[in-house]
Amino acid sequence: MNSQRIETLKKMVIEAPGDPFYPYALALDYIHTNRPEALSILIDVMRKYPDYLPLYYQAGLLSIESGKEEEGKDILEKGIALAQKQNDRKTLNELRSLLDNI
């Protein structure tokens, strides 16, 4: 984990509170060192920015890997519905593939 990058991202989360990218990026940085914190941030991003499609894959995967399989499946299904609504076929296929492999 790059602590300087973490601190920069935390600062950006505060400075740009309406941008879902910064908390999402912060969560991705935490994945390798603090998975519970990463999942918590992703769930928070999902609540605040439910149309931010990139988060659903990671949030679903982390939930499943954390032993919360039903929560993970629910997240992936919501992501699939959103990908269909946004007509994002690439993300739709990635989410379906992950869900099918559970």
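The structure this text deals with has already been given above.
Residues numbered from 1 in each chain as written. Predicted model: local features only at pLDDT ≥ 70, side-chain atom pairs only at ≥ 80, totals over all residues. Heavy atoms only, no water.

Peer 1: Would you mind going over the pattern of salt bridges with me for this structure?
Peer 2: Between side chains of opposite charge, pairing is possible as soon as their charged atoms come close. All chains considered together, the criterion is met by 8 salt bridges. In this structure, E65 and R35 form a salt bridge, with 2.0 Å as the shortest nitrogen-oxygen distance. Here the residue E65 occupies a position in helix α4 (residues 55-65), and R35 occupies one in helix α3 (residues 35-48), the gap between them amounting to 30 residues. With relative accessibility at 47%, the residue E65 sits in the partly exposed group. Through salt bridges with shared partners, a single ionic network connects E69, E70 and K73. (Salt bridge = Lys/Arg side-chain N within 4 Å of Asp/Glu carboxyl O. Helix = DSSP H or I, 4+ residues; strand = E, 2+ residues; numbered from the N terminus. Buried < 20%, exposed > 50% of the residue type's maximum accessible area, 1.4 Å probe, protein only.)

Peer 1: What exactly am I supposed to notice about the packing of aromatic side chains here?
Peer 2: In this description, an aromatic ring pair is defined by two values, namely the gap between the centres and the angle between the planes. Summed over the entire model, instances satisfying the criterion amount to 2 aromatic pairs. Measuring from centroid to centroid gives 5.5 Å for F21 and Y22, while their planes differ by 75°, and the two rings are edge-to-face. For F21, a relative accessible area of 40% puts it in the partly exposed group. Judged by its relative accessible area of 21%, Y22 is partly exposed. The interplanar angle of 75° and the centroid separation of 5.6 Å between the aromatic rings of Y24 and Y52 together place this pair among those described as edge-to-face. Of this pair, Y24 sits in helix α2 (residues 21-30) while Y52 sits in the loop between α3 and α4, placing them 28 residues apart in sequence. For the residue pair Y24 and Y52, the accessibility class agrees, reading buried in each case. (Phe/Tyr/Trp six-rings, centres within 6.5 Å; stacked < 30°, edge-to-face > 60°.)

Peer 1: Where do I start with unusual backbone geometry in this structure?
Peer 2: Trans is the common state for peptide bonds, and a negative phi is the common state for residues other than glycine. Look at N87: it is not a glycine, yet its phi comes out positive at around 55°. Position of N87 relative to the elements: it lies in the loop between α5 (69-85) and α6 (89-100). Since its relative accessible area comes to 52%, N87 is described here as exposed.

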